[in-house]
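# Descriptive analysis of the structure
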2 protein chains.
Amino acid sequence: MEQQIPDRIRIKDIAIMAGVSVGTVDRVLHNRPGVSLASAEKVRKILKEMNYQPNMYASALASNKKYHFVCLLPKHNEGEYWSDVEAGALQCMNEMHDFHITLSMVYYDQYDIDSFVKSIKLVMDKEPDGVILSPVEEDNTKKLTDMLQEKEIPYVFIDSNIDNLEPIAFFGQNSSRSGALAAKMLLMIEPGIKEVVIFRQIYIGRIGTNQQNNRELGFEEYMRKNHPDCELSTIDLAMNNKEHDMEVMRKYFERHESVTIGLTFNSKAYLISEYLQELGKSNFRLIGYDLLEQNVEFLKNGNNIQFLIAQQPHQQGYRAVTSLCDHLIFHKEVEQINYMPIDLLCAENIDYYTSLNK
Amino acid sequence: MEQQIPDRIRIKDIAIMAGVSVGTVDRVLHNRPGVSLASAEKVRKILKEMNYQPNMYASALASNKKYHFVCLLPKHNEGEYWSDVEAGALQCMNEMHDFHITLSMVYYDQYDIDSFVKSIKLVMDKEPDGVILSPVEEDNTKKLTDMLQEKEIPYVFIDSNIDNLEPIAFFGQNSSRSGALAAKMLLMIEPGIKEVVIFRQIYIGRIGTNQQNNRELGFEEYMRKNHPDCELSTIDLAMNNKEHDMEVMRKYFERHESVTIGLTFNSKAYLISEYLQELGKSNFRLIGYDLLEQNVEFLKNGNNIQFLIAQQPHQQGYRAVTSLCDHLIFHKEVEQINYMPIDLLCAENIDYYTSLNK
DNA sequence: CGTATATTTGTGCTCGTACACACTAAAGGG
DNA sequence: CCCTTTAGTGTGTACGAGCACAAATATACG
């Protein structure tokens, strides 16, 4: 009925047991040269036997090593998706401050390839000990990661992963699976659905992550398997040009009067809801992504948005910093592929979600 | 585009600025006597101005204080709900080990009032510095909390809260709200539903938490408001007496042939699914609670269970320990009421949930 | 065999905080 | 006026680990 853990073994204890001094144990622990093979093996054996775990607080205190991390994210405004990621990373940095960690942000323009390429230099100039980034497509991302790899600087991917590159960790959602969940909820809302529309955000010259695409692919696959009779139509929107978008919407609904349910695989559900309101379609139902303040508001008020699928961006940022610390400071194994939960929010459970994830 | 935090101010720095020695600053920080009013105020002023934050690692290192926590939970088997809570608490203890924290478990029999009363002495005998418990009904819980309060031992409630008592923190779900979510999902599965059945777990002489009841109440209220025409029937099951339960089920379905959807507000959905299978009702649909291994298995395989509502028990245990540490060691404000997220799981998103919450 | 040079091992100070103890200065008592 | 008391203040050591440097031992070479 009880569980206790004995007082921890110190370097000193190991030294005594091995019949050497703390200095020698220290050298073994840090793989520093200047230890005879005999001593080294004796110490290593006892370390293993005793399952020595360093007191990382004492270690951080004694160590003068400073670690500087750089976090490279798309430029964003307050309240947008990326600001949650950033907040998570900053919070973790603050909590880890006594381990001599600092973190600086670098931003690139998601819609401008040059901007990312330029930011590579900005990142390298800071001589980081670790980098967190939201990757763009493979070729340009590789330009950065190759430089990092050469200098043996570990890096972490956030949001989307690239198979051929080797981050120490990736945090993000399994997009195609979350698309499947969207499909499942769609079929719950309207089991016999005949036609559904996907509101796409289209960028010109975008160096986009392919989250949106993968979600859509996962959605399509699920629909093909479970409800192949449903017709899938799409609307391509700019999302930053209201006149253009409204025109496109109007045209679409002229020919598709009967469509009353739609999805959007980006985070702009609130915007589409605004469009829909303006078109007098307040009964149109939407499934969207990400808990932007505006999305949440529309979800709560029952304005079109039925469900939002979320992926704990704050946690992603937080854990990205954590994994760099684990890797560099605590020398712990770091799990490489970390899929975040696919959270399903509606008006009934949204209130208790946000409180814990900020 | 950059954010840095300056090196932290130390006690030494404060001492110099205040024109006193570190000893004096130390006395002020710990509210120890032996400081003149003038010095005390000078130091306090500078502490505030400089927003001094102690290096808690150095502090833990220097301090010889040991903290022993006791966690009082219902007796349980591996894989049941409470084992997740326990695992979370133990994990946190391990991570906090260098702060000289130990944790011991005490269990009581959920179905035996005496057992809880007896466990009170077991808890007190350990002379804990903090206690985590899953409360029973008010009167008996108060017997313990009064003793704790008298010795000024802080305590944390897990799972359910009791309004008149004063834990430093509570972690649990808003049960009635989660009942509302269950109702919402029910109405999605079958919008025009005419009758639904609630599978109740009935204890004889139980000193139960009232989670199950509150969920049911929340469910009923939501139904009354949004779909008053639906008839709500109930089946009272023992859940530990198959013959009896099967008999009750058979009788029920003789008179309610057409009911094809049900809910259970306890964690035994898998058991009901087993019963249903045996009755040849594989198309019956269920909404249940808590991610027991068996529940998850049935959810994945599509055996009756459509949705499971979860509440991050592991997190509850983890954060309960955290809040005791924050309160006792780090002297941080602790949020008193902490509602956990109401997580909604189905076959499509269950895989990515568990990985992060264990 | 003695000296120079590696190689290996041990010592001592440091990090920021806690706390016991030593010290100072002022007040009170004889 | 000296001695004790007490309030207020300062100092030194400890915590566990890291790391520079000193010390001791082993090896090489004339």
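These figures come from a predicted structure and were not determined experimentally.

### Quick word on the relation of the copies chain A and chain B
Once turned by 180 degrees and shifted 0.0 Å along the axis, chain A lies on chain B with an RMSD of 0.1 Å. The symmetry that links the two subunits is that of a two-fold axis. Residue A:Y57 of chain A places its C-alpha closer to the rotation axis than any other residue of that unit, at 2.6 Å. Comparing contact sets, 100% of the residues at the interface of chain A also lie at the interface in chain B, consistent with an isologous, same-surface contact.

### Describing the layout of surface pockets
All names here are of chain A. What the second largest pocket holds in volume is close to 890 Å³. Taken together, the elements giving at least two residues each to the lining of the second largest pocket come down to helix 5 (81-95), helix 9 (211-226), strand 7 (231-237), helix 11 (269-278) and helix 12 (293-300). No other element matches helix 9, which puts three residues into the lining of the second largest pocket. Split by residue class, the lining of the second largest pocket holds 14 nonpolar, 14 polar and 11 charged. A domain split of the lining of the second largest pocket shows at least three residues from each of domain 2 (67-173 + 313-341) and domain 3 (175-310).

### Section: the protein's contact with DNA strand D
Surrounding DNA strand D, one finds 25 residues, the nearest of these being A:I11, A:Y52, B:S21, B:R27 and B:S39. The sugar-phosphate backbone supplies 68% of the atoms of DNA strand D found within 4 Å of the protein. Between B:S36 and DNA strand D, the recorded distance is 2.9 Å, taken from a backbone N or O atom to a phosphate oxygen. Here a phosphate oxygen of DNA strand D sits 2.6 Å away from a polar atom, N or O, in the side chain of B:S39. Only helix 4 (56-62) of chain A together with helix 2 (22-29) and helix 4 (56-62) of chain B provide two or more residues apiece to the surface near DNA strand D.

### A closer look at the interface of chain A and chain B
Across the contact, 56 residues belong to chain A and 56 residues belong to chain B. Regarding the contact of chain A and chain B, the summed buried area is about 5,000 Å², with carbon and sulfur atoms giving 58% of it. Its largest share of buried area at the contact with chain B, chain A owes to A:Y57, A:E348 and A:Y352, together 16% of the area lost on that side. Summed over the shared surface of chain A and chain B, the number is four salt bridges. The shortest N-O distance in the salt bridge between A:D98 and B:R8 comes to 2.9 Å. Along the contact surface separating chain A from chain B lie 13 residue pairs in polar contact (both at pLDDT 80 or more). Sorting the residues of the side of chain A that touches chain B by element identifies helix 4, helix 5, strand 2 (101-108), helix 8 (175-189), strand 12 (343-345) and helix 14 (351-354) of chain A as the ones contributing at least two each. It is helix 8 of chain A that provides the largest number of residues to the side of chain A that touches chain B, a total of seven residues. For the side of chain A that touches chain B, the residue count by class is 32 nonpolar, 11 polar and 13 charged.

### As for the domain arrangement of chain A
The domains assigned to chain A are domain 1 (11-54), domain 2 (67-173 + 313-341) and domain 3 (175-310). Each of domain 1 of chain A and domain 2 of chain A was reduced to a C-alpha centroid, and the two centroids are 35 Å apart.

### A short note on the pairing of strand 1 (residues 67-74) of chain A
Two faces, one strand: in a regular strand the side chains alternate between the faces of the sheet. Residue and element names in this part refer to chain A. Among the eight residues of strand 1, eight are classified as buried, and the element is accordingly described as predominantly covered. With eight bridges joining them, strand 1 and strand 2 adopt parallel strand pairing. Each bridged residue has a counterpart across the sheet, and for H68 the counterpart in strand 2 is T102. On the question of chirality, the crossover connecting strand 1 to the parallel strand 2 by way of helix 5 is right-handed.

### Overview of the sheet that holds strand 9 (residues 285-289) of chain B
Residues and elements named next belong to chain B. Across the sheet, which stays open at both edges, the six strands sit in the order 7-6-8-9-10-12 with mixed pairing between neighbours. Of all strands in the sheet, those bounded by a partner on one side alone are strand 7 (231-237) and strand 12 (343-345). Between one strand axis and the next, the sheet turns by 20 degrees as a mean value, whatever way the strands run. For strand 9 and strand 10 (residues 305-310), the ladder comprises four bridges, and the chain directions are parallel. By the bridge assignment for strand 10, G288 is matched with L308. Across the sheet, helix 10 (residues 242-255) touches strand 6 (195-201) and strand 7, and the angle it forms with strand 7 is around 155 degrees. Contacting strand 6, strand 7, strand 8 (261-264), strand 9 and strand 10, helix 11 (residues 269-278) crosses the sheet at an angle of about 160 degrees to strand 9.

### Looking at the packing of helix 5 (residues 81-95) of chain B against helix 13 (residues 313-328) of chain B
Residue and element names in this part refer to chain B. Interhelical geometry of helix 5 versus helix 13 gives an angle of 40 degrees and a closest axis separation of 6 Å. Viewed along their axes, helix 5 and helix 13 adopt a mutual orientation that is oblique. Crossing handedness for the pair helix 5 and helix 13: right-handed. Note on element contacts: helix 13 touches helix 5 through P313, H314, Q316, G317, Y318, V321 and T322, opposite Y81, D84, V85, A87, G88, A89, Q91, C92, M93 and E95. Tallied by class, the residues present in the contact of helix 5 with helix 13 amount to nine nonpolar, six polar and two charged.

Here is what the cut-offs are and how they apply
- Here, residues in each chain are numbered from 1, in the same order as that chain's written sequence.
- Each chain gets a letter, beginning with A, and each ligand a number, beginning with 1, in the order they are written.
- In keeping with the model being predicted, local features are shown solely for residues with a pLDDT of at least 70 and side-chain atom pairs are shown and tallied solely at 80 or more, while totals for entire chains, interfaces and linings include all residues.
- Remark: hydrogens and water are excluded; side-chain values derive from all non-hydrogen atoms of the structure.
- Least squares is used to superpose the copies, and the fit set is the C-alpha atoms of residues whose pLDDT is at least 70 in both copies.
- Here, two residues are considered to be in contact whenever any of their heavy atoms come within 4.5 Å of each other.
- Only protein atoms enter the 1 Å grid used here. Points where a 1.4 Å probe fits but cannot escape make up a cavity, open sets with protein on both sides within 12 Å along at least five of seven lines make up a pocket, and a residue lines them when an atom lies within 4 Å of a point.
- Grid points are joined across faces, edges and corners, and a volume is the space filled by probe spheres set on the points.
- The helix count covers DSSP runs of H or I at least four residues long, the strand count covers runs of E at least two residues long, and both are numbered beginning at the N terminus.
- For this classification, Asp, Glu, Lys and Arg are treated as charged, while Ala, Val, Leu, Ile, Met, Phe, Trp, Tyr, Cys and Pro are nonpolar and the rest, including Gly, are polar.
- Boundaries between domains were set according to an automatic or database domain assignment.
- When we say a residue is near a molecule or strand, we mean one of its heavy atoms is within 4 Å of it.
- Within 3.5 Å is the distance limit for a polar contact, defined as a pair of N or O atoms, with the added protein rule that one can donate a hydrogen and the other accept it, and that residues adjacent in sequence qualify only through two side-chain atoms.
- Here the quantity called buried area is the accessible surface, traced with a 1.4 Å probe, that two parts lose on coming together, added over both.
- Any Lys or Arg side-chain nitrogen located within 4 Å of an Asp or Glu carboxyl oxygen qualifies as a salt bridge.
- Burial status follows relative accessibility: with a 1.4 Å probe on protein chains alone, a residue under 20% of its type maximum counts as buried, one over 50% as exposed, and anything between as partly exposed.
- For two strands to be treated as a pair, DSSP must find at least two bridges joining them.
- When the strands point away from the viewer, a crossover counts as right-handed if the path from the first strand over the helix to the second runs clockwise.
- Axis definition: a line fitted to C-alpha atoms, limited for helices to the stretch in contact. Angles are taken between N-to-C directions and run from 0 to 180 degrees.
- These descriptions rest on fixed angle ranges, namely under 35 degrees for roughly parallel, over 145 for roughly antiparallel, 65 to 115 for roughly perpendicular, and the rest for oblique.
- Left-handed describes a crossing in which the near helix is turned anticlockwise from the far one by less than a right angle; the clockwise case is right-handed.

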